[in-house]
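Descriptive analysis of the structure
Residue strings, one per chain:
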Amino acid sequence: MVTWDIEVTDTFGGEANYAWVYRYAIRTPDDISDLALVRRIKSVAGYSGIRGRATVMGDFVEIRFPSRCIVIFANVRY
């Protein structure tokens, strides 16, 4: 099992602003697919069903929403 720390925050000028931030943690199986991982992160953060662009780089995930000033970051907790 892998524990992911998730941060949801606002953006300003396309960069994370951290004027406000919500934090969550989830546990996933080691062999979870990228698609399932992104769906689980979006679900926990309350953004399921909203189109976003996800970048998965091993132990880091970034999800941006073109129609909203929101970004979600997820990192593996070591």
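Everything that follows concerns the structure shown earlier in this document.
This one's a predicted model, so the numbers in the text were calculated from it and none came from an experiment. (Residues numbered from 1 in each chain as written. Predicted model: local features only at pLDDT ≥ 70, side-chain atom pairs only at ≥ 80, totals over all residues. Heavy atoms only, no water.)

Turning our eyes to something else, we now look at the environment of aspartate 5. With respect to the helices and strands, aspartate 5 occurs in strand β1 (residues 2-12). Separated by 71 residues in the primary sequence, aspartate 5 and valine 76 have C-alpha atoms spaced 6.3 Å apart. Contact partners of aspartate 5, with chain neighbours within four places excluded, come to Tyr24, Ala25, Phe73, Ala74, Asn75 and Arg77. A polar contact of 2.6 Å, which involves the side chain of aspartate 5, links it to the side chain of arginine 77. (Helix = DSSP H or I, 4+ residues; strand = E, 2+ residues; numbered from the N terminus. Contact = heavy atoms within 4.5 Å. Polar contact = N/O pair within 3.5 Å; in protein donor to acceptor, adjacent residues only side chain to side chain.)

Before going further, it helps to examine the nonpolar core. Ranked by size, the top nonpolar core spans 18 residues in total, and within it Trp4, Ile41, Tyr47, Val61 and Ile72 carry the most contacts. Listed by contribution, the elements that provide at least two residues to this core are β1, α1 (34-45), β4 (60-64) and β5 (70-76). Dropping the residues within four chain positions of it, tryptophan 4 is found in contact with Tyr24, Ala25, Ile26, Thr28, Leu37, Gly58, Asp59, Phe60, Val61, Ala74, Asn75 and Val76. (Core = buried A, V, L, I, M, F, W, Y, C linked by side-chain atoms within 4.5 Å. Buried < 20%, exposed > 50% of the residue type's maximum accessible area, 1.4 Å probe, protein only.)

Applying the stated rule across the entire model yields three salt bridges. Two residues, aspartate 5 and arginine 77, come together in a salt bridge whose shortest N-O distance is 2.6 Å. Within this pair, whereas aspartate 5 is found in strand β1, its partner arginine 77 is found in the segment after β5, the two being separated by 72 residues in sequence. Since its relative accessible area comes to 46%, arginine 77 is described here as partly exposed. Salt-bridge contacts for glutamate 62 lead to arginine 64; the nearest nitrogen and oxygen are separated by 2.7 Å. (Salt bridge = Lys/Arg side-chain N within 4 Å of Asp/Glu carboxyl O.)

Our next topic: the sheet that holds β4. One open sheet holds the five strands; their spatial order is β2-β1-β5-β4-β3, and the pairing between them is antiparallel. Where the open sheet ends on each side, the last strands, each with one partner, are β2 (15-28) and β3 (53-56). Pairwise comparison of adjacent strand axes, ignoring direction, gives a mean angle of 15° for this sheet. Packed onto the sheet, α1 meets β1, β2, β3, β4 and β5 and runs at close to 115° relative to β2. (Pairing = 2+ DSSP bridges. Axes fitted to C-alpha atoms, helices over the stretch in contact; angles between N-to-C directions.)

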